[in-house]
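Take a look at the letters that make up each chain.
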Amino acid sequence: MYKITDEKYRLPYIEALAGMGVMDTGTTEPMKIRGVDSVTGERGQYVVKYIKSSRMSVKSSCRELLGAWMARELEIFVIEPVIINITREFTETLLGEKGYHSALKSVGLNFGSVYEAGYMEIVKGSFKLQDQLLEQAKMIFMFDMFVANADRGAGKPNVITNSDIFGFDHELAFHLLIY
């Protein structure tokens, strides 16, 4: 997990290739996509939050990125942020699918993240956290208090787990702090 202050850090710039469907949860209707890193040529799966979808904007996209960067600097596990370029050609592949209109209105640069396969969302009351995961959860909670993230709570934890807990969803962070 690179920090923004690491010499080797580079914010990945992803060209969207194909849509894989809108995610089941999320007010912003995030979409899983296939894409290619424009610098390395590496292909992967990503989640894009279209800049013109519900609750998203240039400001909320910046809050997403800033929240992820700050958390990484504090060694809090968050999903790796990326910038995803949405082209008209890409939107044409979504014609008739859920998410098409948001994609079409969002041609250009959008906030996204690396898709973490094999992880599951933590559901309220689903299981007890082991000590290591509990410490990570506490760090995510304290970070959210620090950045005034109103979009994480008992009913909507916005974390995924496998052997670690990764936080995501910072578009409402700093909301009370930025005027």
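As a reminder, the structure under discussion sits directly above these lines.
Residues numbered from 1 in each chain as written. Predicted model: local features only at pLDDT ≥ 70, side-chain atom pairs only at ≥ 80, totals over all residues. Heavy atoms only, no water.

## A closer look at the overall build of the chain
Thinking step 1. Within the chain, the regular secondary structure consists of 4 helices and 8 strands.
Thinking step 2. In the chain, the succession of α and β elements from N to C terminus is β-β-β-α-β-α-α-β-β-α-β-β.
Thinking step 3. Every one of the 179 residues in the chain was classed for burial, and the buried ones make up 44%.
Thinking step 4. When the accessible surface of the chain is totalled, it reaches about 10,000 Å², and 57% of it is carbon and sulfur. (Helix = DSSP H or I, 4+ residues; strand = E, 2+ residues; numbered from the N terminus. Buried < 20%, exposed > 50% of the residue type's maximum accessible area, 1.4 Å probe, protein only. Areas by Shrake-Rupley, 256 points an atom, 1.4 Å probe, with all protein chains shown as cover.)

## Here we look at the sheet that holds strand 1 (residues 13-22)
Thinking step 1. The 5 strands are arranged 1-2-3-5-4 in a closed barrel whose pairing can be described as mixed. Neighbour to neighbour, the strand axes of the sheet diverge by 55 degrees on average, direction disregarded.
Thinking step 2. Pairing between strand 3 (residues 43-49) and strand 5 (residues 108-114): 4 bridges, direction antiparallel. Its bridge partner lying in strand 5, Val47 is registered against Ser113.
Thinking step 3. Sitting on the sheet, helix 1 (residues 58-73) is in contact with strand 3, strand 4 (81-86) and strand 5, with an inclination near 155 degrees to strand 4. (Pairing = 2+ DSSP bridges. Axes fitted to C-alpha atoms, helices over the stretch in contact; angles between N-to-C directions. Contact = heavy atoms within 4.5 Å.)

## Brief notes about unusual backbone geometry
Thinking step 1. Positive phi outside glycine occurs at Glu75, with the angle close to 60 degrees.
Thinking step 2. Secondary-structure assignment places Glu75 in the loop between helix 1 and strand 4.

## Brief notes about the side chain of Glu64
Thinking step 1. Following the sequence through the fold, Glu64 ends up in helix 1.
Thinking step 2. Judged by its relative accessible area of 2%, Glu64 is buried.
Thinking step 3. A distance of 2.4 Å separates the side chain of Glu64 from the side chain of Lys49, its partner in a polar contact. (Polar contact = N/O pair within 3.5 Å; in protein donor to acceptor, adjacent residues only side chain to side chain.)

## Considerations on the nonpolar core
Generally speaking, soluble globular proteins have nonpolar side chains that are buried together.
Thinking step 1. In terms of nonpolar packing, the biggest core is built from 15 residues, with Ile33, Tyr50 and Ile84 touching the most fellow members.
Thinking step 2. For this core, the secondary-structure elements that each account for two or more residues are strand 1, strand 2 (31-37), strand 3, strand 4 and helix 3 (100-105). (Core = buried A, V, L, I, M, F, W, Y, C linked by side-chain atoms within 4.5 Å.)

## Quick word on the packing of aromatic side chains
Thinking step 1. Counted according to the given criterion, the structure contains 1 aromatic pair.
Thinking step 2. A ring pair is formed by Tyr9 and Trp69, whose centres lie 6.5 Å apart and whose planes are at 85 degrees; its orientation type is edge-to-face. Placement of Tyr9 in the segment before strand 1 and of Trp69 in helix 1 is noted, with a sequence separation of 60 residues between them.
Thinking step 3. A residue is classified by how much of its surface remains accessible, and Tyr9, at 17% relative accessible area, is buried.
Thinking step 4. Its end group placed over the ring of Tyr115, Lys32 keeps NZ or CZ at 4.0 Å from the ring centre. (Phe/Tyr/Trp six-rings, centres within 6.5 Å; stacked < 30°, edge-to-face > 60°. Lys NZ or Arg CZ within 6 Å of the ring centre and 35° of its normal.)

## Some remarks on the pairing of strand 3
Thinking step 1. Relative to strand 3, strand 2 runs antiparallel, the two being bridged by 6 bridges. Opposite Lys32, over in strand 3, you have Val47 as the bridge partner.
Thinking step 2. A loop of 5 residues connects strand 2 with strand 3, the two strands running antiparallel in sequence, and Gly41 in this loop sits at a positive phi of about 80 degrees.

## Structural notes on the pairing of strand 4
Thinking step 1. With respect to burial, strand 4 is a largely interior element, 6 of its 6 residues being buried.
Thinking step 2. Burial of the side chains of strand 4 extends over both faces: Pro81, Ile83 and Asn85 are buried on one face and Val82, Ile84 and Ile86 on the other.
Thinking step 3. Relative to strand 4, strand 1 runs parallel, the two sharing 3 bridges. Residue pairing across strands places Tyr13 opposite Ile83, the latter belonging to strand 4.
Thinking step 4. Bridge count between strand 4 and strand 5: 6 bridges; the pairing is antiparallel.

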